[in-house]
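# Overview (structure and organization)
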Amino acid sequence: MFALEEQVEEKRSPWGLVAVMATLALIGVAAWKYVNWQLLASLDFSVVWDYRLALAKGLMVTLYLTAIAGLCGLTAGTVLAALSQSRLALVRWVVVAYVELFRNTPILVQLIWIHFALPVFTGWNTTALQSGTIAIALQASAYFSEIVRGGIESVPKGQWEAAYALGLPARTTWGRVILPPALKSMIPALVNLTISFFKATSILSVLQVSELMTITNRISNAVYKPIELFTAAAVIYFVLGYILSQLTLRLERAAK
Amino acid sequence: MNFEIQHLVNNYPLILQGLLVTLRICAVSLAIGTVLGLVACFMKLEGRGWPYRFAVAYIDFFRTIPEVVLIFWVYSCLPLLFSFRLTAEASGILALSLFASAYLAEIFRAGINSASRGQVQAALALGIPVRVIWMRIIMPPAIRRMMPALVSFLSELIKATSLLSAIGVAEMAYQASVLGSKTFAYVEFLSAIAVLYFVTIFPLSLYVRRANQKLAGKAGH
């Protein structure tokens, strides 16, 4: 890792390499013995192509849920972050309680809670997709607000004072002075958060909301080809997620 | 709507048992994940060659695919590919270990990279052995710097264990949904486990916030 260290490490003993080789050989032998070659030979990935339309539909629902998380998260999160700067202690406490509640419990629990408790409390029966949308929007608002709050607090105090000295109304102060630089500095973090919600949509499959993971599960149960289908799902999630995160990296470097 | 606390009073041992399973799974996958993560971290620190490329691919892959996909893949595909049986809990632990190792590798790497280059060069110039440099100069500040990220990952891991209920591991979320379907008291049981998760995870978040403030304060001076 350090340039100077390389000179010292030249007299490294060959035992490390031997150990690595031995481990690899052991893993190789074990794999050879235990791998189910018959099944491996009979893998048939054409099933993925046969069900491409269903999978594409599932991916659409996944992207829809990701978009909901991003948009609701950003708007509600910004509102929550602005409220967290309120002069009223009560408002601040309510916001903190909301954010901490959603950040410190698993989304799976929130999701099932919303699905079962909302009909009981409001008498409004939600479909799985509606419950999923509500849960992911609520969770996203809590996570986004935390990032936007960080952005708002990084705006120098002088900006607030200048806006106050100029007698700008609160709306202009927020809309023109505080939020633009706050959000701009947070763009990479916000995109990263959206990517992690892209991953989190797969959790909604426990309610069968017919996003990519639900569809994969269903097809795999119907045709009993779990390896082909789950691998395909993993590849789809990986390719999309990887492209998005590489773009964010570019964005971060460009910003610097 | 009436909140029937009686259901909770009757069934709390099962919920607490679920909490224990949750914590046990966390501890085991954190331990395995640390070992795998350290290996991946040092391979990535090489900076070139095939171990480096393998580590980069490994870390990127397991950080990018959703945990649910990984859990289902390990649970339903591994036993088919290899002719051995894994219990649901074992495959859950394996999936979470892989997930943890990728994240921990990046945390370790960031910690080690934050070591002061000047101090290491000074130590090398003084002829201090590499092993001692690692133990005395690189590791202590690295550990201090990576604690907040480690603890915040631990809270992510605790939340992720709830996903294992989908493959029937008897952890807390699973117990709650089973009890819920038995008694139709979903709201009671889900609220109870939400409180238990919160009580477990909130102290960790508080610590992370404090530690980050402390680190930021130190950097400011």
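Each chain has its residues counted from 1, running along the sequence as written. For naming, the first written chain is A and the first written ligand is 1, with later ones following in the order written. Local features in this predicted model are restricted to residues whose pLDDT is 70 or higher, and side-chain atom pairs enter the listing and the counts only when it is 80 or higher, whereas totals over whole chains, interfaces and linings include all residues.

This paragraph deals with the overall build of chain A. Strands here mean DSSP runs of E at least two residues long; helices mean DSSP runs of H or I at least four residues long; both are numbered from the N terminus. Scanning chain A from N- to C-terminus turns up 13 helices and zero strands. The C-alpha atoms of chain A give 25 Å as radius of gyration, which overshoots the globular expectation for 256 residues (18 Å, by more than 25%). With respect to the three principal axes, the spread of C-alpha positions in chain A is 75 × 65 × 30 Å. Labels follow a simple rule on C-beta atoms placed from the backbone: if 20 or more others lie within 10 Å of a residue's own, it is buried; if 12 or fewer, it is exposed; otherwise it is partly exposed. Expressed as a percentage of its 256 residues, the buried residues of chain A come to 33%. In this description the radius of gyration comes from C-alpha coordinates, and the expected globular size is given by 2.2 Å times residues to the power 0.38.

Moving on: the overall build of chain B. In terms of regular secondary structure, chain B is built from nine helices and zero strands. From first element to last, N terminus to C terminus, chain B shows the α and β order α-α-α-α-α-α-α-α-α. For the C-alpha atoms alone, the extent of chain B along its principal axes is close to 70 × 50 × 25 Å. When each of the 221 residues of chain B is scored for burial, the buried share is 37%. It is the C-beta atoms, placed from the backbone, that decide contacts: two residues are in contact if theirs lie within 7 Å. At a minimum sequence separation of 6, the contacts of chain B that also span at least 24 residues come to 75%.

Any set of buried Ala, Val, Leu, Ile, Met, Phe, Trp, Tyr and Cys residues joined through C-beta atoms within 7 Å is what this text calls a nonpolar core. Counting 107 residues, the largest nonpolar core has A:Ala233, B:Val69, B:Ile71 and B:Ile193 as its most contacted members. Top element by residues in this core is helix 5 (residues 88-113) of chain B. It accounts for 11 residues. In this view, A:Ala233 contacts A:Leu212, A:Met213, A:Thr216 and B:Val69; residues no more than four positions away in its chain are not counted.

On the chain A side, the residues contacting the 40 residues of chain B number 40 residues. For the side of chain B that touches chain A, the secondary structure elements donating two or more residues are helix 2 (49-64), helix 3 (67-76), helix 4 (78-81), helix 6 (117-125), helix 7 (130-161), helix 8 (172-183) and helix 9 (186-220) of chain B. Each residue gets one of three labels, nonpolar for Ala, Val, Leu, Ile, Met, Phe, Trp, Tyr, Cys and Pro, charged for Asp, Glu, Lys and Arg, and polar for the others, Gly among them. In the side of chain B that touches chain A, the residues fall into 29 nonpolar, eight polar and three charged.

This part takes up the environment of B:Gln6. All names here are of chain B. Here Gln-6 is to be found in helix 1 (residues 5-45). For Gln-6, a count of 11 C-beta atoms within 10 Å puts it in the exposed group. Sequence spacing of Gln-6 and Glu-188 is 182 residues, and the spatial spacing of their C-alpha atoms is 9.5 Å.

Take the environment of A:Leu212 next. Residue and element names in this part refer to chain A. For Leu-212, the location among the structural elements is in helix 12 (residues 212-223). Note: C-alpha distance between Leu-212 and Glu-161 (51 residues apart in sequence) is 49 Å. The residues contacting Leu-212, other than those within four sequence positions of it, are Leu-55, Gly-58, Leu-59, Thr-62, Ser-202, Ala-233 and Ile-236.

Attention now moves to helix 12 of chain A. The first and last C-alpha atoms of helix 12 of chain A sit 17 Å apart over 12 residues, in line with the 16 Å expected at 1.5 Å per residue. Among the residues making up helix 12 of chain A, those that are buried are A:Leu212, A:Met213, A:Thr214, A:Ile215, A:Thr216, A:Asn217, A:Ile219 and A:Ser220. In this structure, the buried residues of helix 12 of chain A make contact with helix 5 (52-83) and helix 13 (226-255) of chain A together with helix 3 of chain B. Just beyond helix 12 of chain A, the residue with positive phi is A:Tyr224, at close to 50°. Here the expected length of a helix is defined as 1.5 Å per residue gap, with one fewer gap than residues.

Looking now at unusual backbone geometry. Residues and elements named next belong to chain A. Even without being a glycine, Gln-208 presents a positive backbone phi close to 55°. Along the chain, Gln-208 turns up in the loop between helix 11 (187-200) and helix 12. Judged by the 15 C-beta atoms lying within 10 Å of it, Gln-208 is partly exposed. In this structure, Ser-210 takes a positive phi of about 60° despite not being glycine. Along the chain, Ser-210 falls in the loop between helix 11 and helix 12. Judged by the 20 C-beta atoms lying within 10 Å of it, Ser-210 is buried.

Here the focus is the confidence of the model for chain A. A score between 0 and 100, pLDDT records how confident the predictor is in each residue. Looking at chain A, the pLDDT average stands at 88 and 94% of residues meet or exceed 70. Low pLDDT, under 50, characterises residues 3-11 of chain A; the stretch is placed with six contacts to residues that sit more than four places away or in other chains.

Moving on: the packing of helix 8 (residues 128-153) of chain A against helix 10 (residues 170-185) of chain A. All names here are of chain A. The convention used is that axes are lines fitted to C-alpha atoms, helices contributing only their stretch in contact, and that angles between N-to-C directions extend from 0 to 180 degrees. The N-to-C vectors of helix 8 and helix 10 enclose an angle of 120°; their axes lie 8 Å apart at closest approach. The pairing of helix 8 with helix 10 is recorded here as oblique in orientation. Remark: the crossing between helix 8 and helix 10 carries right-handed chirality. Listed contacts from helix 10 to Val-148, Gly-151 and Ile-152 of helix 8 are Ile-178, Ala-182, Leu-183 and Ser-185. Residues that form the contact of helix 8 with helix 10 fall into these classes: five nonpolar, two polar and no charged. In what follows, roughly perpendicular refers to angles from 65 to 115 degrees, roughly parallel to angles under 35, roughly antiparallel to angles over 145, and oblique to any angle outside these ranges. Crossings are classed by handedness, with left-handed meaning an anticlockwise turn of the near helix from the far one by less than a right angle and right-handed meaning a clockwise turn.

Residue and element names in this part refer to chain B. Between helix 2 and helix 5, whose axes approach to 8 Å, the crossing angle comes to 120°. Here helix 2 is positioned oblique relative to helix 5, judged by the angle of their axes. As for how helix 2 packs across helix 5, the hand of that crossing is left-handed. The segment helix 2 lies against helix 5, with Tyr-58, Ile-59, Phe-62 and Arg-63 engaging Leu-98, Phe-99, Ala-102, Tyr-103, Ala-105 and Glu-106.

Right, let's get into the confidence of the model for chain B. Looking at chain B, the pLDDT average stands at 90 and 98% of residues meet or exceed 70. Here the prediction assigns the complex a pTM of 0.88, and the interface score ipTM is 0.89.

What follows covers the environment of B:Ala149. Assignment of secondary structure puts B:Ala149 in helix 7. Residues B:Ala149 and B:Ala170, 21 residues apart in the sequence, show an inter-C-alpha distance of 28 Å.

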